[in-house]
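Observations on chain architecture
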Amino acid sequence: MAGYPQRETSGLIAHRLTVMQLLPELEVGGVERGTLEIAAALCRAGHRALVVCAPGRLVEELESCGAEHISLAIGEKRIGSLRHVRSLRKLIVERQVDIVHARSRLPAWLGHLACKRLSDVARPAWVTTVHGPYSVNPYSRIMVTGEVVIAISEFIKRYIVDSYRGIEAHRIEVIPRGVDRNKFRFGFTPPTAWMSAWQADHPALAGKALLTLPARLTRWKGQLDFIEMIARLRRRDANVHGLIPGAEHRGRGSFEDELKHAVQRLGLARDITFLGHRRDLREILAISDIAYSLAREPEAFGRTTVEALSLGTPVIGFEHGGTVEILRSVFPQGLVNVGDVAAAADLTAQLLESQPQLPREHPFTLTRMQDATLSVYQRLSHHQRV
């Protein structure tokens, strides 16, 4: 597939932009969180933010920042989804959209088809973000057709370059994800009311070292390895307790049941707590002694790793993907070989003894990510409409 038509770009402009972001749905995850963060930055800067997708848990949060959610099921993988091409084309024209930013493959295909048939006057600029190392095939190639292709880490940039030989290097822009340092500030302590409620809900955790794996409940995210690590530590009589905040994707299988069976089989019913989907992950990370990134497949970035480090909580992570970039920059002693559960247990014991000091500052900030993305939009919008 040929790339999207290129435009001459130079300098920045200050006029009000209308940016339409496309993704499957507004459930919980890195793609969704990044969408909200850019929508908020657009609204704060006086631009208009449109988000087209199926609804989900985060719609209320999106709309509270001033963005508009337009409900279209553009992530459903069925032939009937092609009908949304016409709807998207109509929206682009009626709302006078300047930028279409696609964040997932099927929404990108539908958005690309919608834009392709528009006149030069009506056609918006086309941006894609590669959020993960998709399988390499013609279907995935749509994600590298952007006038600017945003890679969320150096790891993802290498994946793009290695997988799609024809893509011009100048179209790839690395913009790492970032965290809000005002919200995730170093040394943050949860408010008294939250602590009281937590202690009332979990009285058995008093005096124990809290080890937390924050991740969606899905097989590759590492919960089974985390459970095995807790088992190894408890066999040493380590006074630890494992926390697993996170939920399965709606409509998916019963991996949570499998995890709970593993906990029972290893005799860890009193040593591991499943917390489900949480809106207070910041507070949980803040009271944790160590957080973990144990994904068996490389993380494209690793948002919760940065969140924990920002709070001053050490992180132990497998040495691949975006986790390497974060930990090498902020806390390199937290890296262990991929899949080495014994090494993760050993390092846990060492860190609980040594109580390491973390740096207060790091480069993975939300402000930097938002400014860089809005700069991309501004550059692309600086062109003459024919």
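Quick note: structure is the one above.
First, a word on what this report is: a plain description of the structure on this page. (Residues numbered from 1 in each chain as written. Predicted model: local features only at pLDDT ≥ 70, side-chain atom pairs only at ≥ 80, totals over all residues. Heavy atoms only, no water.)

A closer look at unusual backbone geometry
Not every positive phi belongs to a glycine, and Q96 is a case in point at roughly 55°. Along the chain, Q96 falls in the loop between α3 (84-94) and β4 (99-102). One non-glycine residue, Q355, lies in the positive phi region at around 45°. Within the fold, Q355 resides in the loop between α12 (341-354) and α13 (366-381). (Helix = DSSP H or I, 4+ residues; strand = E, 2+ residues; numbered from the N terminus.)

Considerations on the sheet that holds β4
Spatial strand order, β3-β2-β1-β4-β5-β6-β7: 7 strands in an open sheet with parallel pairing. Each end of this open sheet is capped by a strand with a single partner; those strands are β3 (68-71) and β7 (172-174). Taking the axes of each pair of neighbouring strands and ignoring which way they run, one obtains an average angle of 25° across the sheet. Judged from the 3 bridges that link them, strand β6 (residues 148-151) and β7 form a sheet pairing that is parallel. When the bridges of β7 are listed, A151 appears paired with V174. Against the sheet, helix α1 (residues 30-44) makes contact with β1 (18-25) and β2 (48-54), and its axis sits at roughly 165° relative to β1, the strand it touches most. Along the sheet face, helix α5 (residues 154-163) touches β5 (125-130), β6 and β7 and points at about 160° away from the line of β7. (Pairing = 2+ DSSP bridges. Axes fitted to C-alpha atoms, helices over the stretch in contact; angles between N-to-C directions. Contact = heavy atoms within 4.5 Å.)

Some details on the side chain of H84
Along the polypeptide, H84 turns up in helix α3. Polar contacts involving the side chain of H84 include one to the main-chain carbonyl oxygen of A73, which spans 3.5 Å. Ignoring anything within four residues of it in the chain, the contact list for H84 reads L72, A73, I74 and L110. (Polar contact = N/O pair within 3.5 Å; in protein donor to acceptor, adjacent residues only side chain to side chain.)

Thoughts on the packing of aromatic side chains
Two measures describe an aromatic ring pair: the distance that separates the ring centres and the angle between the ring planes. Taken as a whole and assessed by the stated rule, the structure comprises 4 aromatic pairs. For the cation-ring pair, K260 lies above F274, with the distance from its terminal atom to the ring centre recorded as 5.6 Å. (Phe/Tyr/Trp six-rings, centres within 6.5 Å; stacked < 30°, edge-to-face > 60°. Lys NZ or Arg CZ within 6 Å of the ring centre and 35° of its normal.)

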